Amino acid sequence: MTGSLPNFLPSTTSAMTDPFGRTIKYLRVSVTDRCDLRCFYCMSEDMTFLPKSDLLSLEELDRLCSAFIAKGVRKLRLTGGEPLVRRNVMSLVHSLSRHLDTGALDELTLTTNGSQLEKFAADLKDCGVRRINVSLDTLDAAKFRTITRWGDLDKVLRGIEAARTAGLRVKINAVALKNMNEDEIPSLMEWAHSKDMDLTLIEVMPMGEIGEGRIDQYVPLSMLRARLAARYTLTDLDEDTGGPARYVRVSETGGKLGFITPMTHNFCESCNRVRITCTGTLHTCLGHEDASDLRKPLRASPDNDLLSAAIDRAIGLKPKGHDFIIDRRHNRPSVSRHMSVTGG
């Protein structure tokens, strides 16, 4: 690992509770908007990325995360873009792992496209990461290249195996895409479960202009679940993972299958998470245009008083739920920012 970051250890303050009584314990932090793939449901092919000067430094990201941990966050997920393409990102992971050692943080994890896992899996495990999410929509190399525009499926599969060999628990996330991978879901599920990996299916989300219509991509998971139920025995699981997925056990495979349905089912009633972009913008809801600038108070003072007050103000404005809808008349996204900017 390269470099080390200063240890920011702010004193513990009161827990964050939103206007609807939900205690915020889960923080997702985008460390970069850049990615080495261009998945067509996430980005346009000719994406314009943020100037590197606009991004928070790794030291600032560490301080920001630590401030949230001091305010009661127990689970921290690093995202992107692709988090592992950020230069020296492992120094941030290593620094944040101290909160696992002190018991202030229950879990440090990340979501990745898997392309860099072959290089970083062992280091992630050494830093206290115990499980990761890997975004993978198909096991067909030609489809994978079409979806990602230039990705190498074999490289991702090698990364997944490196993660499993290192002892990381892997969950596969797959976006259901109309006329692209919807017929492949059973085989993708059986493959994942055969390797003791859970699979979560996700409805395409109307975020950002991507150069084509969302209607052409969208398939409701209620329809896919009905197809699966005709072939497999699905038993609902009463599990609360702190995330939006609803899980079933698949009797024939013994594995767990999740459904994230922002379009067909609003999952906001127990939302305990917020997101921070790589520029220090706090979004309390994925499906709203809300934004609170934390970079300004972060840089305004060496202590965290201004930052803590800004966080409290933002949490006090967290909406009850999102308003995702695919605009069929104008073919516009519900939210203008891309998922790669917000963080997965």
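So, how was this worked out
- Residues numbered from 1 in each chain as written.
- Predicted model: local features only at pLDDT ≥ 70, side-chain atom pairs only at ≥ 80, totals over all residues.
- Heavy atoms only, no water.
- Helix = DSSP H or I, 4+ residues; strand = E, 2+ residues; numbered from the N terminus.
- Buried < 20%, exposed > 50% of the residue type's maximum accessible area, 1.4 Å probe, protein only.
- Areas by Shrake-Rupley, 256 points an atom, 1.4 Å probe, with all protein chains shown as cover.
- Pairing = 2+ DSSP bridges.
- Right-handed = clockwise from strand over helix to strand, strands pointing away.
- Axes fitted to C-alpha atoms, helices over the stretch in contact; angles between N-to-C directions.
- Parallel < 35°, antiparallel > 145°, perpendicular 65-115°, else oblique.
- Left-handed = near helix turned anticlockwise from the far one by under 90°.
- Contact = heavy atoms within 4.5 Å.
- Nonpolar A, V, L, I, M, F, W, Y, C, P; charged D, E, K, R; others polar.
- Disulfide = S-S within 2.5 Å.
- pLDDT = per-residue confidence, 0-100.
- Salt bridge = Lys/Arg side-chain N within 4 Å of Asp/Glu carboxyl O.

## With respect to the overall build of the protein
Next, step 1: Helix and strand counts for the protein come out as 11 helices and 12 strands.
Next, step 2: Residue burial in the protein is summarised as follows: out of 344 residues, 57% are buried.
Next, step 3: Total accessible area computed for the protein in this model is approximately 14,600 Å², and 49% of it derives from carbon and sulfur atoms.

## Focus on the pairing of strand β2 (residues 75–79)
Next, step 1: Of all 5 residues in β2, 5 are buried, a share of seventy percent or more.
Next, step 2: Of the two faces of β2, the one holding Lys75, Arg77 and Thr79 and the one holding Leu76 and Leu78 are both buried throughout.
Next, step 3: Pairing between strand β1 (residues 26–30) and β2: 5 bridges, direction parallel. Among the inter-strand pairings, Ser30 is bridged to a residue of β2, identified as Thr79.

## Let's talk about the pairing of β1
Regular strands have side chains that alternate between both faces of the sheet.
Next, step 1: Burial analysis of β1 places 5 of its 5 residues in the buried class, which makes it a mostly covered element.
Next, step 2: The two faces of β1 match: Tyr26, Arg28 and Ser30 on one face and Leu27 and Val29 on the other face are all buried.
Next, step 3: Read as a crossover between parallel neighbours, the route from β1 over helix α1 (residues 58–70) to β2 is right-handed.
Next, step 4: One ladder, built from 4 bridges, connects β1 with strand β10 (residues 273–276); its direction is parallel. Across the sheet, the residue bridging to Val29 is Ile276, located in β10.

## What about unusual backbone geometry?
Residues other than glycine predominantly adopt negative phi, and peptide bonds predominantly adopt the trans conformation.
Next, step 1: Gly81 follows Gly80 through a cis peptide bond whose omega is 20°.
Next, step 2: Assignment of secondary structure puts Gly81 in the loop between β2 and α2 (89–96).
Next, step 3: Positive phi outside glycine occurs at Asp196, with the angle close to 60°.
Next, step 4: Position of Asp196 among the secondary structure elements: in the loop between α7 (185–194) and β6 (198–203).
Next, step 5: The exposed category is assigned to Asp196, whose relative accessible area is 52%.

## Here's the deal with the packing of α1 against α2
Next, step 1: Their axes nearest at 10 Å, the elements α1 and α2 cross at an angle of 25°. Classed by the angle they form, the pair α1 and α2 counts as roughly parallel. At the point where α1 passes α2, the crossing takes the right-handed sense. Across the interface between the two elements, Leu58, Leu61, Asp62 and Cys65 of α1 pack against Val89, Ser91, Leu92, Ser95 and Leu96 of α2.
Next, step 2: When its residues are assigned to classes, the contact of α1 with α2 shows 6 nonpolar, 2 polar and 1 charged.

## Here's the deal with the state of the cysteines
Next, step 1: Taken as a whole and judged by the stated rule, the model has 0 disulfides.
Next, step 2: Cysteine Cys42 is unpaired, with the sulfur of Cys39 as its nearest cysteine sulfur at 6.4 Å.
Next, step 3: The class of Cys42 is buried, set by a relative accessible area of 18%.

## Focus on the confidence of the model for the protein
Next, step 1: When pLDDT is averaged along the protein, the result is 87; 83% of the residues meet or exceed 70.
Next, step 2: Here residues 326–338 is a poorly scored stretch, pLDDT under 50, and it has 47 contacts once near neighbours within four places are set aside; other chains count.

## With respect to the pattern of salt bridges
Next, step 1: Evaluated as defined, the whole model comprises 18 salt bridges.
Next, step 2: Of the charged contacts in the structure, one is a salt bridge between Arg299 and Glu60, with a shortest N-O distance of 2.7 Å. Of the two residues, Arg299 sits in helix α9 (residues 295–300) while Glu60 sits in helix α1, which places them 239 residues apart along the sequence.
Next, step 3: Overall, the relative accessible area of 44% leaves Arg299 in the partly exposed class.

## Considerations on α7
Next, step 1: Across the 10 residues of α7, 7 count as buried, placing the element largely inside the fold.
Next, step 2: Every buried residue of α7 is listed here: Ile185, Pro186, Leu188, Met189, Trp191, Ala192 and His193.
Next, step 3: A positive backbone phi angle near 60° is found at Asp196, which sits one or two residues after α7.

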